[in-house]
Amino acid sequence: ERNITYLQQAVYDKEAPLRVAQSRLHYRTFRPNMELCRDQPQLSLLGETSELNSTISALQQQLYEARKSLSDLEESRLSLEKDIFCKTNSLLIDREKCMTHRTRYPSVTVLSGY
């Protein structure tokens with residue numbers, strides 16, 4: 001759960017720089033008296049945006065896997081708790097209901113004739 005929280009925070013922290021880079025790219029297209037050119041700042045912004053997108057995608061994939069792992073663990077825990085409850089109930093039935101009948105039966109040595 002802590003890992004999921006950290007991953008969510010990491011994705012949130014990466015979204016603001018991504019928006020800044022995308023805004024800068026957008027505003028570069030509306031520069032007055034400038035032609036659209038692929039100069040070094042433009043290439044750097046494109047690279048930064050691409051890198052941030054890939055980082056966010058990787059973090060979201062890790063977040064998905066962490067959530068899936070958590071749900072699998074919760075399913076396992078529920079299954080184990082159900083199994084423990086069933087076995088506890090079986091032991092209770094054995095002690096309370098069956099033990100009284102077993103005490104009335106003759107022992108194995110008596111039944112075998114010794």
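Overview of the structure.

What counts and what doesn't
- Residues numbered from 1 in each chain as written.
- Predicted model: local features only at pLDDT ≥ 70, side-chain atom pairs only at ≥ 80, totals over all residues.
- Heavy atoms only, no water.
- Core = buried A, V, L, I, M, F, W, Y, C linked by side-chain atoms within 4.5 Å.
- Buried < 20%, exposed > 50% of the residue type's maximum accessible area, 1.4 Å probe, protein only.
- Helix = DSSP H or I, 4+ residues; strand = E, 2+ residues; numbered from the N terminus.
- Contact = heavy atoms within 4.5 Å.
- Salt bridge = Lys/Arg side-chain N within 4 Å of Asp/Glu carboxyl O.

Examining the nonpolar core
Part 1: With 9 residues, the main nonpolar core is built from Ile 4, Leu 7, Val 11, Leu 18, Leu 52, Ile 56, Leu 59, Leu 63 and Ala 66.
Part 2: Counting residues per element, the ones that place at least two in this core are helix 1 (2-28) and helix 2 (40-104).
Part 3: The element contributing the most residues to this core is helix 2, with 5 residues.
Part 4: Apart from residues no more than four positions distant in its own chain, Val 11 is found in contact with Ile 56, Leu 59 and Gln 60.

A short note on the environment of Arg 102
Part 1: The residue Arg 102 is located in helix 2 in this model.
Part 2: For Arg 102, a relative accessible area of 43% puts it in the partly exposed group.

Notes on the pattern of salt bridges
Part 1: Tallied over the full model, the rule gives 4 salt bridges.
Part 2: For Asp 39, the salt bridge goes to Arg 28, with nearest N and O atoms at 2.6 Å. On the criterion of sequence distance, the pair formed by Asp 39 in the loop between helix 1 and helix 2 and Arg 28 in helix 1 is long-range, its members being 11 residues apart.
Part 3: Relative accessible area serves as the criterion here: at 14%, Arg 28 is assigned to the buried category.
Part 4: Glu 81 is the partner of Arg 77 in a salt bridge, and the nearest nitrogen-oxygen pair spans 3.4 Å. Taken together, the residues Arg 77 and Glu 81, both in helix 2 and 4 residues apart, mark about one turn of the helix.

Geometric values such as these leave the question of function open.
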